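Per-entry structural report
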Amino acid sequence: MSIPFSRLLTLLFSVGLLGLMATAPATAQERGNEEPRTSPNAAVSQTIGTTEVRLTYGRPQVNGRTIFGGLVPYDEVWRTGANEATTISVSSDVTVEGEPLPAGTYSLYTIPGPDSWTIIFNNVANQWGTQYNQNEDALRVDVTPRSAPQHEMMTFVFEEVTNTSGTCVLYWAEARVPFEIQVAEN
């Protein structure tokens, strides 16, 4: 028994479409959207020139705790957020604090210190936040933290954006931690 070619194409298309529909809910729930979280998910993106930079992260709260040097120890790798690893995506090659970073998606870790922070871009992007492997680091840069007005929930923002650069800033508790991202001029 043979199946007409047009019927075979329709059948294959239908099976493929069902497969895509079956995987869509899993993708939408990657960051745990099925129930409210104590540290809700957030995302921020900024176009610098023609390069899109996007961060996705969990937003922990201070809740009266001592954050840096307390809940988040100094001089130890921190997942820089809550729950899944914070990710940062850049749509084209950039430099961060003057150091090259290829286009791609990275997990973002930090090593906080009272006078200096290390910002870490790690090649393993889809992981639980505490599964850090230093051998997978793509880039590390050191930056200087500043004091800031109290921020109850951890927040990333972009400041001082031009066609060639922007400063990504982490605010939490009384800390402001900036790192500059530069793109090629068009």
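Above this text you will find the structure in question.
Residues numbered from 1 in each chain as written. Predicted model: local features only at pLDDT ≥ 70, side-chain atom pairs only at ≥ 80, totals over all residues. Heavy atoms only, no water.

**Quick notes on the sheet that holds strand β8 (residues 137-143)**
Heads up, the condition is: For two strands to be treated as a pair, DSSP must find no fewer than two bridges joining them. Think of it this way: any DSSP run of H or I at least four residues long counts as a helix, any run of E at least two long counts as a strand, and we number them from the N terminus. A fitted line through C-alpha atoms represents every axis, and for helices the fit uses only the stretch in contact; the resulting angles, taken between N-to-C directions, go from 0 to 180 degrees.
Spatial strand order, β1-β2-β3-β6-β7-β8: six strands in an open sheet with antiparallel pairing. Looking at which strands have only one partner, the edges of the open sheet turn out to be β1 (41-48) and β8. Neighbour to neighbour, the strand axes of the sheet diverge by 20 degrees on average, direction disregarded. With six bridges connecting them, strand β7 (residues 117-122) and β8 associate as antiparallel partners.

**Overview of the pattern of salt bridges**
Rules: The term salt bridge refers to a side-chain nitrogen of Lys or Arg lying within 4 Å of a carboxyl oxygen of Asp or Glu. Residue burial is assigned from relative accessible area. The probe radius is 1.4 Å, only protein chains are included, and a residue is buried under 20% of its type maximum, exposed over 50%, and partly exposed in between.
The final tally for this structure, using the stated rule, is two salt bridges. One salt bridge connects Asp137 with Arg140, and the closest N-O pair in it is separated by 2.8 Å. The salt bridge partner of Arg176 is Glu159, with a shortest N-O separation of 2.6 Å. Here the residue Arg176 occupies a position in strand β10 (residues 165-183), and Glu159 occupies one in strand β9 (residues 146-159), the gap between them amounting to 17 residues. Its relative accessible area of 21% is what places Glu159 among the partly exposed residues.

**Notes on the pairing of strand β2 (residues 51-58)**
A large share of β2 lies buried, amounting to six of its eight residues. Both β1 and β2 contribute to a ladder of eight bridges, which runs antiparallel. Paired with Ala43 across the two strands is Thr56, which belongs to β2.

**Considering the side chain of Thr80**
Filter applied, for reference: Polar contacts, as used here, are pairs of N or O atoms within 3.5 Å; protein pairs need one atom able to donate a hydrogen and one able to accept it. Residues neighboring in sequence count only if both atoms are side-chain atoms. Note on contacts: a residue pair is in contact if any heavy atoms of the two residues lie within 4.5 Å.
With respect to the helices and strands, Thr80 occurs in the loop between β2 and β3 (87-90). On the basis of relative accessibility, which here comes to 0%, the residue Thr80 falls in the buried class. A polar side-chain atom of Thr80 sits 2.8 Å from a polar atom in the side chain of Thr110. Excluding residues that lie within four positions of it along the chain, Thr80 makes contacts with Thr86, Leu108, Tyr109, Thr110, Met154, Phe156 and Leu170.

**Focus on the packing of aromatic side chains**
Condition: Note on aromatic contacts: the rings of Phe and Tyr and the six-membered ring of Trp form a pair at centre separations within 6.5 Å, being stacked when their planes are under 30 degrees apart, edge-to-face when over 60 apart, and tilted otherwise.
Taken as a whole, this structure holds nine aromatic pairs when the rule is applied. Taking the centre distance of 5.1 Å and the plane angle of 65 degrees together, the rings of Phe68 and Trp117 count as edge-to-face. Placement of the pair is Phe68 in the loop between β2 and β3 and Trp117 in strand β7, with a sequence separation of 49 residues. Of the two residues, Phe68 and Trp117, both sit in the buried class. For the ring pair Tyr106 and Phe121, a centre distance of 6.5 Å and an interplane angle of 90 degrees mean the geometry is edge-to-face. In this pair, Tyr106 sits in strand β6 (residues 104-111) while Phe121 sits in strand β7, placing the two residues 15 residues apart along the sequence. Of the residues examined, Tyr106 reaches a relative accessible area of 5% and is grouped as buried. A relative accessible area of 1% means that Phe121 is categorised as buried. Grouped by ring-pair contacts, the aromatic residues Phe68, Trp78, Trp117 and Trp172 constitute a single cluster.

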